[in-house]
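Structural characterization, general
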Amino acid sequence: MSTQTLTSRTTERSTGTPPVPTTPSRPRAPRAWASKTAVNAVLIMLALYTLMPISWLLIAATKNRRDLFATGGFSFGEFNLLSNIHEVFTHNDGIYGRWLLNTVIYAVVGSAISSLISVAAGYAFDKYAFAGKEKLFGVVLAGVLVPGAVLTLPMYLLASKAGLTNTYWALLIPSLVNPFGVYLARVFSEGYVPYEVIEAARVDGAGEIRTFRKIALPMLAPGFMTLFLFSFTASWNNFYGALVMLNDKNLYPVNLGLHMWNISTTESPEMYSLAITGSLIAVIPLVIAFLCLQRFWRSGLTAGAVK
Amino acid sequence: MVAPVVYAGWMSVFRERSSGLGFGGVERTFAGLANYSAVLADPEFRTSFLHVATYCVLYIPVMIGGALGLALLVDSAHARAKRFFQLAFFLPHAVPGLIAAIIWIYLYTPGLSPVIEWIDGAGGSWNFFSPANSLSSMVNIAVWQWIGYNMVIFFAALQAVPREVIEAATVDGAGAWRIAVGIKVPIIRSSVVMTVLFTCVGAIQLFTEPRLLSDKAQALGNDWSPTMYIVSKAFIDQDYAGAAAASLLLALVAGALSFVVTRIGKRWQES
């Protein structure tokens, strides 16, 4: 349908003849041209606005300390990107590499396990009947209503009682349970896994766990990916939780480490180039991942919007 | 297979119970309520909500209006390179909130910032960290991060507008502007309202941007937003019980807000 509309529109525009012959055709063409220019000019201006900070970061990361302040923001100084990167990874015995590794643990491992738990729970809510199921699901829905960040401090108090603050668990455990993920996984399970398939597997003698692992899980793979992306982004953005839970620099995720470098710029301005290059290195994999995984976040966004 | 469900269910109950009873109640059985009234009586706590409200008054029209305008422009027949623009607008969302705040703070810092160079070059002057300007500096960071995200949502909704309706309006002689305002916006108004409500739920948890800005713009203080208030209560005043009470009050407000959101969403789905 949309292609049809598109062609009818283009023909109308390309011929330049308006549908009603009494209207003179000449004034209309320049007006269309003018509004086309105006529309695209506005879009280009806004694209410059959204792209400017990242491009500035890219240029600033190539400068040494002196050029950072001495040259204009968008003009290049001496090319020092490699030595900046070298400095980021060697400063303080290479703690930045450690932060990157920690981030991988928190964000990748944490999100993978959390998505798996959500998918399993959602699948169970959808396909099994058990006592108090809807009540339990009501509890999950109540969990969806209260945003996680709001409960960070109670979680900290609980963790400090259990002696878990300042450990990997302090950030991992809260991220494992995701009520919204369970809710979404139930919807996915309803949509992707037909009962007949489960029945067939049972008749063939597969156990419940095997049915889930070999049959349902592969069918739920796109849902898993969407959940993983949601949870990954949340974990990456979880500055508040990390700030509250962690004290030990060796356990910091990269964003908390960058925050520390950023704070120290007030006393030692040479930290600026570390903070800038460190930010760039942290952002690049994410930007690439977003470009590659477009399909998934698009479907995730619309799923969230329709809900 | 029941185990993870029970675990998830148990955790979500456990989380709420432990925070309420575990810390308001167990340690000091009846001091629980006193903490709540103390927090509620604290003017700093109440102003932190007021701050978020003023933030929303500035932020929501700019961000939602901008996103809607962009979506309509990209949807219009005049736009070229639609995929490129969608990507360019969405890209900031791939940048983690903290790094976005750091980049913008550097773009606000005299000496580092090309933006200040441009303003000076044009003969103006602007201090992004002054008490009067810090709110708009904060709003700008948030707009940058979220405008493309919401634009993609609106654009998806606009794609679902039946093309016959627009064709009919065109034949009737309506211009692009009238079609946008009179037809497209009313059709997608439910996604606009939902986005506004979700933005409010997000704003109540505002932390990263004011926290980072407050290092440079001292006027913002330690407890500008409710979450900042909770952190400073816990880690500067060492008042854990008070911080827990404030957290639960915030959770209550946030929960009520999201309840309203889902309610409205459901009603729309049914009608």
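The model shown is predicted, which means the values in this text are computed figures rather than measured ones.

1. Digging into the overall build of chain B
Along its length, chain B carries 13 helices and zero strands. N-terminal to C-terminal, the α/β element order of chain B is α-α-α-α-α-α-α-α-α-α-α-α-α. Accessible surface, chain B: about 11800 Å² in total, of which carbon and sulfur atoms supply 66%.

2. Here's the deal with helix 6 (residues 152-161) of chain A
Counting buried positions along helix 6 of chain A yields seven of ten residues, so the element is predominantly enclosed. Immediately beyond the C-terminal end of helix 6 of chain A, within one or two residues, lies A:Gly163, with a positive phi of roughly 70°.

3. Things to note about the confidence of the model for chain B
Residues and elements named next belong to chain B. On average, residues of chain B score 80 in pLDDT, and 86% of them reach the 70 mark or higher. This model gives residues 1-30 a pLDDT under 50, and the stretch forms 51 contacts once residues within four places in sequence are excluded. Scored by ipTM, the complex comes to 0.81, with pTM at 0.82.

4. Here's the deal with the pattern of salt bridges
Residues and elements named next belong to chain A. Enumeration over the complete set of coordinates arrives at eight salt bridges over all chains. One salt bridge connects glutamate 208 with arginine 202, and the closest N-O pair in it is separated by 2.9 Å. Take glutamate 208: its relative accessible area is 31%, and that puts it in the partly exposed class. Overall, arginine 202 belongs to the partly exposed group, its relative accessible area being 31%. Residues joined in a network through salt bridges with shared partners are Glu134, Arg186 and Glu190.

5. As for the interface of chain B and chain A
Interface size, as often reported, equals the accessible area lost upon joining of the parts. Counting residues at the interface gives 91 residues for chain B, matched by 90 residues for chain A. Taken together, the two surfaces of chain B and chain A that pack against each other cover about 8300 Å², and 76% of this comes from carbon and sulfur. Scanning the region where chain B abuts chain A turns up zero salt bridges. Between chain B and chain A we count eight residue pairs in polar contact (both at pLDDT 80 or more) in total. Here the element with the most residues in the side of chain B that touches chain A is helix 1 (residues 2-26) of chain B; it accounts for 15 residues.

6. So, the packing of aromatic side chains
Residue and element names in this part refer to chain B. For the structure shown, the criterion picks out 32 aromatic pairs over all chains. Ring geometry for tyrosine 55 and tryptophan 224: centres 6.4 Å apart, planes at 85°, overall edge-to-face. Here tyrosine 55 is found in helix 3 (residues 43-75), whereas its partner tryptophan 224 is found in the loop between helix 11 (208-216) and helix 12 (226-235), with 169 residues between them in sequence. Grouping residues by exposure puts tyrosine 55 and tryptophan 224 together as buried.

7. What about the nonpolar core?
Membership of the largest hydrophobic core comes to 140 residues, with the highest contact counts inside it found for A:Trp56, A:Tyr96, A:Trp261, B:Tyr55, B:Tyr106 and B:Met151. With 15 residues, the top contributor of residues to this core is helix 7 (residues 134-159) of chain B. With residues up to four places along the chain from it excluded, the contact list for A:Tyr96 reads A:Val88, A:Phe89, A:Val254, A:Leu258, A:Trp261, A:Gly278, A:Ile281 and A:Ala282. In terms of nonpolar packing, the next biggest core, distinct from the first, is built from 14 residues, A:Val119, A:Ala124, A:Val193 and A:Leu220 among them.

Reading the values: rules and limits
- Residues numbered from 1 in each chain as written.
- Chains lettered and ligands numbered in written order.
- Predicted model: local features only at pLDDT ≥ 70, side-chain atom pairs only at ≥ 80, totals over all residues.
- Heavy atoms only, no water.
- Helix = DSSP H or I, 4+ residues; strand = E, 2+ residues; numbered from the N terminus.
- Areas by Shrake-Rupley, 256 points an atom, 1.4 Å probe, with all protein chains shown as cover.
- Buried < 20%, exposed > 50% of the residue type's maximum accessible area, 1.4 Å probe, protein only.
- pLDDT = per-residue confidence, 0-100.
- Contact = heavy atoms within 4.5 Å.
- Salt bridge = Lys/Arg side-chain N within 4 Å of Asp/Glu carboxyl O.
- Buried area = accessible area lost by both parts, 1.4 Å probe.
- Polar contact = N/O pair within 3.5 Å; in protein donor to acceptor, adjacent residues only side chain to side chain.
- Phe/Tyr/Trp six-rings, centres within 6.5 Å; stacked < 30°, edge-to-face > 60°.
- Core = buried A, V, L, I, M, F, W, Y, C linked by side-chain atoms within 4.5 Å.

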